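Structure assessment
The residues making up each chain are set out below.
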Amino acid sequence: MQTLMTPAAIAMNRLGLGARADEPPPPGDGRRWVLDQFGSYQARAPGWEDVASSASQVSSYARSLREVRDAPEGERAALRQALNRDNRETYLNAVGVRMGSALETSTPFVERMVHLWSNHFAVSIDRREVLPLAGSFEAEAIRPHVLGRFKDMLLAVEQHPAMLFYLDQVRSVGPDSVAAKRAAQRAGARARGLNENLAREILELHTLGARSGYDQSDVIELARALTGWTVAGVDRPPPGAEPGTFVFQPALHEPGERQVLGRSYGAGGQEQAQAILIDVATAPATARHVATKLARHVVSDSPPPALVDRLAQAFMRSGGDLPTLYTVLIQSPETWSPQPAKFKTPWEWSMSAMRALGWRDAPPRPTIAMLNQLGQPIWRPGSPAGYDDLAASWAAPDALLRRVELGQRLAAQLGDSVDARSLALHVLPGSLGESSTRVIARAESGRMALALLLASPEFQRR
């Protein structure tokens, strides 16, 4: 039988990132504590200002590739290794900033939403171009828009270099574009064709959702409209464009009007695809897709239909204003159900464990190794769909055993200096069951008691 959660435990764990031992519990029923975070959230929180811009990273990467290409054959391997080390170091630094932000934040609900949207609009460091850009993607495309409108976040995401590289949009050329015709006239030129990756994921994952009424013709038409969306080159950027930033290249664009989801879009440049994205960002199917995602993340793997309906209605009524959706979610009784229905993902469990133990920052390399071992590498999902938000993906027996082992390692770093029984009262106020309380009390040492707290069924759920 599951132990029920108190409102304070729900506020800190289900809606936040886990209680910190040095912070008081939320007053009252916790709702106002969560809502007040909207006014104090900082998009460029401490540490994030040190994450290099995507433009500087793309420019540096391009220059390094040029150096490798122009170097004598015998020197290229060493230059490639140096480039890989630099990119890996950039990634490590960004991971450290993300971890520090999650551990230190005074706005844990909003930070949770940053993580949610970063996973919704997933990119992966498995693409070498994305490795140095993952941190700047979250800093530039997600964090500034997490309290804004969904359509603005969508546009920022789809125009970010990380997404354009990840889904091969930089390689997409309209078949009848000026660039394609020029290439056809050059002997031996390798033709680049239309790439549908970004268009498909926009419709299937980012906005409307699968089986929502679009078909392959809509994917192709959106892909044609997106031609020309690319990243400004370093050697010869277009006039007025900063190297390494989003740019529209007319020569790559497929001419003509487009038909997407039964609506016509006149011939044009960048604004053609932009108009399509704004329309799909505010469509009823997108409202339901986003509503389901939010309700599933916070409340239950099988979200209550009534809650999804209210969230979808709020989305349509507000034009996709995200704080409006969050407010409906926070004020809904389903959110405060005492049943701990959600099983923590590895990221959530790790963050809540480190926050409970008083960590203020986390060394990136060991943390990355820990999340790798738990099966959720940072900014490295296996597909553009991101990581699952379902217990079935994370609650297998071997996965639980890894949590037990890592909990023991985390507890060992504190030794016997922390009283696990007192800590449990704070991080799981009124929510630790009798069985877990007895097991922790009988532990042979302080560090073992801490490890048992982190491994307890109550700490695994939110």
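For clarity, every value in this text was computed on a predicted model and none was experimentally measured.

The rules behind the values
- Residues numbered from 1 in each chain as written.
- Predicted model: local features only at pLDDT ≥ 70, side-chain atom pairs only at ≥ 80, totals over all residues.
- Heavy atoms only, no water.
- Helix = DSSP H or I, 4+ residues; strand = E, 2+ residues; numbered from the N terminus.
- Rg over C-alpha atoms; globule rule 2.2 N^0.38 Å.
- Buried < 20%, exposed > 50% of the residue type's maximum accessible area, 1.4 Å probe, protein only.
- Lys, Arg positive; Asp, Glu negative; His and termini not counted.
- Charge placed at Lys NZ, Arg CZ, Asp CG, Glu CD.
- Contact = heavy atoms within 4.5 Å.
- Core = buried A, V, L, I, M, F, W, Y, C linked by side-chain atoms within 4.5 Å.
- Axes fitted to C-alpha atoms, helices over the stretch in contact; angles between N-to-C directions.
- Left-handed = near helix turned anticlockwise from the far one by under 90°.
- Nonpolar A, V, L, I, M, F, W, Y, C, P; charged D, E, K, R; others polar.
- Phe/Tyr/Trp six-rings, centres within 6.5 Å; stacked < 30°, edge-to-face > 60°.

In this section: the overall build of the protein. Helix and strand counts for the protein stand at 22 helices and 4 strands. By the compact-globule yardstick of 23 Å for 462 residues, the protein fits well, its C-alpha radius of gyration being 24 Å. Looking at the protein residue by residue over its 462 residues, the buried ones come to 54%. Each charge class in the protein was averaged separately, 51 positive and 49 negative side chains, and the resulting centres sit 2 Å apart.

Attention now goes to helix 6 (residues 134–142). Most of helix 6 sits inside the fold, with 8 of its 9 residues counted as buried. Buried residues along helix 6 sit in contact with helix 3 (54–70), helix 4 (73–104), helix 5 (108–120), helix 7 (150–158) and helix 8 (161–166).

Here the focus is unusual backbone geometry. Despite not being glycine, Arg 211 has its phi angle at roughly 55 degrees, a positive value. Along the chain, Arg 211 turns up in the loop between helix 10 (197–206) and helix 11 (216–226). Exposure remark for Arg 211: the relative accessible area of 81% places this residue in the exposed category. Within the chain, Trp 379 stands out as a residue other than glycine whose phi angle is a positive 55 degrees. Within the secondary structure, Trp 379 sits in the loop between helix 17 (364–374) and helix 18 (397–412).

Moving on to the nonpolar core. In this structure, Trp 117, Phe 121 and Tyr 326 are the most contacted members of the largest nonpolar core, which totals 78 residues. In this structure, Ala 134, Ile 368, Ile 378 and Ala 424 belong to the second largest nonpolar core, which totals 44 residues.

So, about the packing of helix 6 against helix 7. Contact geometry of helix 6 with helix 7 gives a least axis separation of 9 Å together with a crossing angle of 145 degrees. The crossing of helix 6 and helix 7 is right-handed. Contacts from Phe 137, Ala 141 and Ile 142 of helix 6 reach helix 7 at Met 153, Ala 156 and Val 157. In terms of residue class, the contact of helix 6 with helix 7 is made up of 6 nonpolar, no polar and no charged.

Once that is clear, we can look at the environment of Pro 243. For Pro 243, the location among the structural elements is in the loop between strand 1 (229–231) and strand 2 (246–248). For Pro 243, a relative accessible area of 25% corresponds to the partly exposed category.

Taken as a whole and judged by the stated rule, the model has 10 aromatic pairs. Arranged with centres 5.6 Å apart and planes meeting at 85 degrees, the rings of Phe 109 and Tyr 326 form a pair that is edge-to-face. Separated by 217 residues along the polypeptide, Phe 109 in helix 5 and Tyr 326 in helix 15 (residues 322–331) bring together distant segments of the chain. In this structure Phe 109 comes out as buried when scored by relative accessible area, which is 0%. Residues Trp 229 and Phe 246 carry aromatic rings whose centres are separated by 5.2 Å and whose planes lie at 75 degrees to one another, so their mutual orientation is edge-to-face. With a gap of 17 residues between them, Trp 229 in strand 1 and Phe 246 in strand 2 connect regions that are remote in the sequence.

Three- or four-residue spacings in an α-helix give side chains the same orientation, since the helix completes a turn every 3.6 residues. Considered for burial, the residues of helix 11 that qualify are Asp 218, Val 219, Glu 221, Leu 222, Ala 223, Ala 225 and Leu 226. After helix 11 finishes, the residue Gly 228 shows a positive phi value of roughly 100 degrees.

Scope: geometric values only; no functional claims are made or implied.
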